[in-house]
Amino acid sequence: MSLSTMKYGCKVIMNLEAAAKKVMQIVLKWGTPGKDPKEDFITYVKRLDPSTSKTNYILEDNKRHPKLDKTQKEQVKNDNSCETFDITLLLIFIKLYCLNMARLNDAAWFSDGDELENLLYQIKKARNNAMHESLEMTETEFEEKTKQLREDLIATLTKAKERFGRSDAEMKKEIDKNEVVMNRITNEPLDLKDFLRDYHSDLQEHIISRLADQLKQHTKYKKYVAPLDFLTTNKVSLNIENIYVKPKVMQGRLEGKEKDVEHLDLIKLAQGQSTQPQVLVVEGLTGSGKTTLVAHMTTEWSKASNDSIRGLNEYKLLLKVLCRDSHLSSYADLIQFLFQPSTNEYKELLSKLVKESSLLVIIDGIDEVNESSRKLIRDILDQMQGNPKCTVMFTTRPEALQEGLQLIPNTYYRVEVELVGIPMGQREDFLHRYLDELHKACPGTTHTPPTTDDINQCIKQLDVETKEHFRLPLNLSIVAILMYSWPDKMNRNTTQTELYYLIHELTLEKLEKRLIDNDLTKDFGRRKRLDKVENWMSAMYCEMFIALTHDQLTLQEESVNKLRSKCVTLDLPPDEMMAAFMETKTVKTFRGCDLDCYSVPHKGFQERYGALYVMQGIKQLEKPEESGNVHKIMVSTSGIGQIQLSKMQNLLQMLVGMIPRDWNSIMVKDVLNLLQEAGVNRRDQWLDVIEDTKCSEKVVKAIADHFPLPVASVNTWDDNGPIVIKDGRIETYKKLLSHIRHTQVRLDIHGDPASLNCLLASLDRHVCIGFRLYQTYFHPTKDIHPTVDQLLSKVWSPDLSEYVGPLSDYVLSRLQRVHSLRNISLSISSNHQATLLMELITSISFKDLKYLTVVVTPEVLPAAITTNIPDNYNIMVELSLLDVTDEMVSWACEMVANLIKPSQRDYSIWFPRSTLDEAGWIRMIQDLRRRGVKNIRGMWVPDTSISSDQKDRISPICLNTLGGYLYKYQFNQWKK
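Residues numbered from 1 in each chain as written. Predicted model: local features only at pLDDT ≥ 70, side-chain atom pairs only at ≥ 80, totals over all residues. Heavy atoms only, no water.

- Per an unreviewed UniProt entry, the chain goes by NACHT domain-containing protein and derives from Petrolisthes cinctipes.

Okay, here's the thing in structure tokens:
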């Protein structure tokens, strides 16, 4: 279809934009009597008499008000006259601000009929149809649509006249004006150049709406993932919506300025400014859930209501690029591939209109980029440079981050985040969800699935909530599949390397069963069959390694032919062998050709096969003790002369897990030096190597030579500062600390303090300068945890600068002897502890102290607080009063007044788990002021206790009464 055949469809759009839009403007004008064209609508509504002037803006809770997208908000901000509003925005304003309209949820707004609301809905529906249907139509079809539109517009003006008390003369005047406009559009020849100039945005919306429909229809079938497809007899698809859990996302961790980022705010984070196109870089380890996050985003975008990820609904289109694919190399290729029917229909217009629209481009797997996809990415970024409504989202492994950043032009606004994985507290939920989906996906299986008790026992045995490698969704997925298929193989010491090994063993077991039933191999003895399979696997490892060095995740035709020929030579069935280790995917090129490709289900498996190939090469060396052998094997096999080691980082890490205990130190150092060259330099990376590979003490000792130690006199939270030991790393540091020299450490424990017992011997040679026991701080109990004092007696140091935990007699005696304290955070849950706090306040030096935080539970009586916190030092003070209910407002106010002097400044009050409502918080503010409380830095209340509107009403009262604003806060760590 050419532009010349779209004449009548274009005229329909022109009638809607000229005549129908004008009628909507008249309805809005008549329904808001007395409004000045320069006056904004909210000001207008607020000066109306609410007893006589009824508008939905006043009558309806603002949560029910229609949500505006970014473009609409800009229009509202800049145009009080509504001249630039489209029909959609005009209808929203008529619903909200016109007098005496049906309530927002009334059926009249969403159905056909002869009331004013029905008729306005029909105009909006006609516009939507025009935007989503083909522009090609006959003259007869055009005449029918025009006649219907005329009748609807006259009926709308008639009903508006009756509803708002306008005269017949006013109505006739507007009807006559519309007739002139519609007759002119109908009878005058259409100049397509003029149409494209005057109605460019309408044509763009029409085409983009149709493209979006195509993409969303296609995405419906992409919400299913096939986990390790080669392990199942039948194709298993899991619904991503049923297994997706909220991931942990961070920003600034490597710079020592880490902060959590809500994953629902990722898009909003990138949209931080609107004058440039934006790039959101999502970095994450192998298996951290990057591709799953992409699948979740595309699924959410395809829904009719796609506002769960904030800012996602502002994109008209979502284009997705897989870096592993090699059949596209330009932006034009991508458009033709994604929109094949429409490229024939709209030809040269399509590429131009797409790149001018609001769109999200997701580029998944920069670490998997090849020559073709690199060209494609460069072209996309070049094409989008002038579009501030475009956001490009990259996903990448850490080792490919710099390569990805180099592709981004300076004209883009860039935001970088780190996808850490599944946080503690959600991993059990993920496993249960995954296993439920596996069970639903395999209804006819003869396999007996594990019971809930079996699952819970295995989870407890594996310690999935604290082990660091179980933060990665891929590892948890493997655990789920093994629990489903091989539950007896799971044990407490299952590392990441062992998970891959178990999957490999399960693959071989399933292959063995199929070979026994195959006519070609059923007569082989078991040993003969296994020897042939191992022989073929050696060839596969080699081909996988070569593909990896050439940035290929799908095997090239030459490699596939070699492996099939090897099967023939060994009398093995080629289809069975290939399907046992690989997936078959049909890729449709932009020219419409189908390509059948073999690939591994995840790059991590290809890297493991590559590591197995390198290990085979090492075992065959005549002089394995020579330095540089590993690198020689990799280079000689690749056929490219030079290997980019950063791309081999995960392979080399897996190779560490394969190092035999009898290897000499030269070989161990050889592999670790290559690993460091590949980019493993940070503490967390080396800890992952130890934890993921279950390496021997010889290897751990060699790793200690590479492990970054604190820089003298640097007290930061990055690798230059003291070592920070967290729950998930306790076992790993137990192995490592005895091999590194005397240094400073911080203990940062969220779980049971007793978990530190196994680490005490390794801590003997080091200095503990920070001790954080979050469980006893956020969830204090009347009785001090029995192991806390015992632990402190063994790790306490006069150089301690920070303590977070309960206050006991022992803790008091130690704190009184330390003169380097900068941060004290104490939990007080009894009157005795309150007495200890009073003694602490009067006995320690506040000279160097920067932060003093006190958590108080309702068990403490205000009378036990007999001393104010000193106010003559530059100390930031925080008071947290737990579980305050409506009956406890007086208790809370008295507690604050007893602890804080009226002259104290720069302090804040927090109310975790409080259940007060709006009236309760106002009463709290007023009671605090009556007791002399003032000059607060702020007051933080649970976000569940009041709405945003209520917060906006209370906060100015708090500022005027107490000197600081009131804020809503999530208090996630305080939740029981």
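## What to know about the overall build of the chain
- Summing up its helical and strand segments, the chain has 40 helices and 21 strands in all.
- Projected onto the principal axes, the alpha-carbon positions of the chain cover approximately 100 × 90 × 55 Å.
- For the chain, with 976 residues in total, the buried portion stands at 54%.
- Carbon and sulfur atoms make up 48% of the accessible area of the chain, which totals about 43,100 Å².
- Of note, the chain has its 126 positive side-chain charges centred 3 Å away from the centre of its 134 negative side-chain charges. (Helix = DSSP H or I, 4+ residues; strand = E, 2+ residues; numbered from the N terminus. Buried < 20%, exposed > 50% of the residue type's maximum accessible area, 1.4 Å probe, protein only. Areas by Shrake-Rupley, 256 points an atom, 1.4 Å probe, with all protein chains shown as cover. Lys, Arg positive; Asp, Glu negative; His and termini not counted. Charge placed at Lys NZ, Arg CZ, Asp CG, Glu CD.)

## Let's talk about helix H1 (residues 7–31)
- Between its first and last C-alpha, H1 extends 35 Å over 25 residues, near the 36 Å set by a 1.5 Å rise per residue.
- Leu16 marks the point of greatest bend in H1, at about 30°. (Expected span 1.5 Å × (residues − 1). Bend = angle between axes of the 7 residues up to and from the residue.)

## Concerning the pairing of strand S17 (residues 851–856)
- Taken across its six residues, S17 has five buried, putting it largely inside the fold.
- Bridge analysis of strand S16 (residues 823–828) against S17 gives six bridges, and the strand direction is parallel. The residue bridging Ser825 from the neighbouring strand is Thr853, located in S17.
- With helix H37 (residues 831–843) bridging S16 and its parallel neighbour S17, the resulting β-α-β unit is right-handed. (Pairing = 2+ DSSP bridges. Right-handed = clockwise from strand over helix to strand, strands pointing away.)

## Quick word on the packing of aromatic side chains
- Applying the stated criterion to the full structure yields 27 aromatic pairs.
- Measuring from ring centre to ring centre gives 5.1 Å for Phe41 and Tyr97, while their planes differ by 35°; the resulting arrangement is tilted. Pair noted here: Phe41 is in helix H2 (residues 41–46) and Tyr97 is in helix H5 (residues 87–97), with a separation of 56 residues, a long-range link. Both residues of the pair, Phe41 and Tyr97, belong to the buried class.
- These aromatic residues form a ring-pair network of at least three members: Tyr774, Tyr777, Phe778, Trp910, Trp940, Tyr965, Tyr967, Tyr969, Phe971 and Trp974.
- Across the ring face of Trp301, the terminal group of Lys216 is positioned such that the distance to the ring centre comes to 4.9 Å. (Phe/Tyr/Trp six-rings, centres within 6.5 Å; stacked < 30°, edge-to-face > 60°. Lys NZ or Arg CZ within 6 Å of the ring centre and 35° of its normal.)

## Some remarks on a negative patch on the surface
- Taken together, the side chains of Glu139, Glu141, Glu143 and Glu144 present a region of like negative charge at the surface.
- Mapped onto the elements of the fold, Glu141 is located in helix H7 (residues 139–164).
- Among the residues examined, Glu141 registers a relative accessible area of 37% and is labelled partly exposed. (Patch = residues over 30% accessible without salt bridge, like charges linked within 9 Å, V, L, I, M, F, W, Y side chains within 5 Å. Salt bridge = Lys/Arg side-chain N within 4 Å of Asp/Glu carboxyl O.)

## Here we look at helix H6 (residues 116–132)
- Under the 1.5 Å per step criterion, the end-to-end length of H6 is 25 Å for 17 residues, consistent within 8% with the ideal 24 Å.
- Among the residues making up H6, those that are buried are Leu116, Glu117, Asn118, Leu119, Leu120, Gln122, Ile123, Lys124, Arg127, Ala130 and Met131.

## Points about the packing of helix H22 (residues 496–516) against helix H25 (residues 574–581)
- Running from amino to carboxyl end, H22 crosses H25 at an angle of 160°, the nearest separation of the two axes being 10 Å. Put simply, H22 runs roughly antiparallel to H25. Crossing angle aside, the handedness with which H22 passes H25 is right-handed. In this structure, H22 uses His504, Thr507, Leu508, Leu511, Arg514 and Leu515 to contact H25, whose residues at the interface are Glu576, Met577, Ala580 and Phe581.
- For the contact of H22 with H25, the per-class residue count stands at six nonpolar, two polar and two charged. (Axes fitted to C-alpha atoms, helices over the stretch in contact; angles between N-to-C directions. Parallel < 35°, antiparallel > 145°, perpendicular 65-115°, else oblique. Left-handed = near helix turned anticlockwise from the far one by under 90°. Contact = heavy atoms within 4.5 Å. Nonpolar A, V, L, I, M, F, W, Y, C, P; charged D, E, K, R; others polar.)

## Topic: the sheet that holds strand S3 (residues 248–251)
- Spatially, S4-S3-S9-S5-S8-S7-S6 is the arrangement adopted by the seven strands of the open sheet, whose pairing is mixed. The sheet is open, and its two edges are formed by strand S4 (259–261) and strand S6 (317–322), each paired on a single side. Averaged over all neighbouring strand pairs, the angle between strand axes comes to 25°, with direction disregarded.
- As paired elements, S3 and strand S9 (residues 413–421) share three bridges and run antiparallel to each other. Bridged to Met250 within S9 is Glu418.
- Across the face of the sheet, helix H17 (residues 371–383) comes into contact with strand S5 (278–284), S6, strand S7 (359–364) and strand S8 (390–396) while running at roughly 155° to S8.

## Quick notes on the side chain of Ser373
- Topologically, Ser373 is positioned in helix H17.
- According to the relative accessible area criterion, Ser373 is buried, its value standing at 1%.
- What Ser373 contacts, discounting residues up to four positions off in sequence, is Cys323, Asp325 and Leu328.

## Digging into the nonpolar core
- Counting residues in hydrophobic clusters, the biggest one holds 179 residues, and the most contacted among them are Trp536, Phe771, Met924 and Met939.
- Counting residues per element, this core draws most heavily on helix H23 (residues 526–549), which supplies ten residues.
- If we skip the residues at most four places from it in the chain, Met924 touches Val884, Val889, Ala892, Cys893, Phe911, Leu916 and Met939. (Core = buried A, V, L, I, M, F, W, Y, C linked by side-chain atoms within 4.5 Å.)

## Focus: the state of the cysteines
- This structure, assessed with the given rule, holds zero disulfides.
- Here Cys323 stays free of any disulfide, with the sulfur of Cys390 as its closest cysteine sulfur at 15 Å. (Disulfide = S-S within 2.5 Å.)

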